[in-house]
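Close look at the chain arrangement
Listed here are the chains, written in short residue letters.
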Amino acid sequence: MTQNLTQILILNSPLEQFEVTSLIGLNAPIFGYLNLTLTNLALYSILVLFLIISLHYIANNNSRLVPSKWSIALESSFASVNSMVREQIGSLNEMYLPFIYSLFFFILIANLTGNVPYSYTITTSIIVTLSLSFTILIGVTILGLSIHKIKFFSYFIPSGTPLALVPLLVLIELLSYSARAFSLGIRLFANMTAGHTLLKILSTFLLQMFSASVIVAVLTLIPFAIFMALIGLELAVSFIQSYVFCILTCSYIRDAIELH
Amino acid sequence: MHASLVRRQLGTLIPPKVATPKSLSGGSGASLTPLVEFYSKLPKGSAPTSASGGIKGRYFEGKNATAAPLAFTMLALFGLGYTIDYHKHHKNHAH
C-alpha cells in the first residue's frame, strides 16, 4: 500500500517533467570508466538545434527577391532583432547582431518546443540557463577589459562618490555586477518552470474532474477554457522571456562598451 | 556691348542644340543600336513559375507556403515525447 502510494505520488509529481533522465547510455570500463549517456536534455538540445537550422534553411527562399510567407516571417523577426540591437547597443556596434540573433532563436525555439505536451523544455534546466548567463557575463567582462583596459574598473565607482565611501560602493557595485549572472539565468529558468508546473497541476485536476461524471465533465469545460487561455499565456511567456533575455544581454554589452 | 559677351551670358539660358528632330529620326540611327539590342534581349511574357519539387517546393515556396509543417513538427514532437514518456513509465514501474 505504502509503496503503491509513493508510486502514485512520484508519478503525479508536477516536477517530474523537469527530471533529466538517461535515454541511451554507454558505461564501459575504458578510459577509466567512460560514461556516455544521451539524456532527454541532450536529445531536446539536438532537436532544438535541428529545428533552428532547418527553419533557416527552408525559409531562405532560394535567394529570390520576392519572399515566400516563410521568409517574410523570418525576415521580419530578423528586422525586430536588428532594431533591438541598434536601439540598445547602438548602430555602430551591429557586430553583436549575430550573437543576439542566435541567442534569441535558441531560447525562443527551446521554449516553444517545450510547450508541446509530453516534450521536455531545456530552459527549465537551471544548468542550461545559468551556463548561458554566466558565459554572457564572463564574455561581457572580457569585452569591457579589452576595450577599456584598467579603466574598466571605474565601472564599479559611480561618478561623484566621496573617497570615504569608495570601498563600500565598490563592494556593492561588484555584488550587483556579479548578481546579473544569476538573475539573468534564474529569470528564464523560474518563468519557464513556474509556467510548466502550473499547467501540469491544473491539467491533473482537470483530468480528474473530466473523468468524474458526465455533469461534472460538462461543467469542467469552464475551467478548461481558462486552462486554454493559460496555454496561450505560456506561449506568450516563451516569446517574452527570450525577448527579455536578449534585451538584457544587449544592455550588458552596452554597459561594457560605454561604461555607463 | 560685345556680341560674344552677350552670347556667353545668354548661354546659361539657351540650351545647346544636341537633339534635333532631324538628328534623331533622320540618318541611320546607329547610335541607338546598343539600346535596341539590350531591350530586344530581355525576356518577354510573365515571369516563369518555379517548379522545384521536394518538401521545400511543396510546403514552403511561393504560393505553396503553408503552416502545415508547423503542425507536423508539433505532432512529431508530441509523438516522440509520448513514446519516451510511455517507455520511462514502464521501465520504472513494471506492472
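From a predicted model like this one, the values you see are computed outputs, not experimental measurements.

Now for the pattern of salt bridges. All names here are of chain A. Scanning all chains against the criterion turns up 2 salt bridges over all chains. With its nearest N and O atoms 3.0 Å apart, the salt bridge here joins Glu94 to Arg86. The class for Glu94 is partly exposed, based on a relative accessible area of 25%. Using a relative accessible area of 42% as the deciding quantity, one classes Arg86 as partly exposed. In this structure, Arg180 engages Asp255 in a salt bridge whose closest nitrogen and oxygen atoms are separated by 2.7 Å. One end of the pair, Arg180, is in helix α6 (residues 166-210); the other, Asp255, is in helix α8 (residues 221-258), with 75 residues separating them in the sequence. Here Arg180 matches Asp255 in class, with each residue buried.

Here the focus is the environment of Ala68(B). Residue placement: Ala68(B) occurs in helix α5 (residues 68-92). When the C-alpha positions of Ala68(B) and Gly81(B) are compared, they lie 20 Å apart, and in sequence the two are 13 residues distant.

This part covers the pairing of strand β1 (residues 22-28) of chain A. Residue and element names in this part refer to chain A. As paired strands, β1 and strand β2 (residues 34-39) are joined by 6 bridges and run antiparallel to one another. From the neighbouring strand, Gly25 faces β2, where its bridge partner is Thr37. Linking β1 back to β2 in an antiparallel pair, the connection comprises 5 residues, with Phe31 at a positive phi of about 50°.

With numbering aligned to this structure, UniProt lists the feature "transmembrane region" (unreviewed entry) at residues 41-59, 96-114, 120-145, 152-175, 206-229 and 235-253 of chain A. As a span, residues 96-114 of chain A carries 95% helix and 0% strand, and end to end its C-alpha atoms are 27 Å apart.

Another point: the side chain of Ser238(A). Residues and elements named next belong to chain A. Looking at where Ser238 falls in the secondary structure, it is placed in helix α8. Overall, Ser238 belongs to the buried group, its relative accessible area being 0%. When neighbours within four sequence positions are excluded, Ser238 is seen to be in contact with Leu108, Asn111, Leu112, Asn115 and Met192.

About the thresholds
Residues numbered from 1 in each chain as written. Chains lettered and ligands numbered in written order. Predicted model: local features only at pLDDT ≥ 70, side-chain atom pairs only at ≥ 80, totals over all residues. Heavy atoms only, no water. Salt bridge = Lys/Arg side-chain N within 4 Å of Asp/Glu carboxyl O. Buried < 20%, exposed > 50% of the residue type's maximum accessible area, 1.4 Å probe, protein only. Helix = DSSP H or I, 4+ residues; strand = E, 2+ residues; numbered from the N terminus. Pairing = 2+ DSSP bridges. UniProt positions renumbered as here; feature names shortened; annotations may be inferred. Contact = heavy atoms within 4.5 Å.

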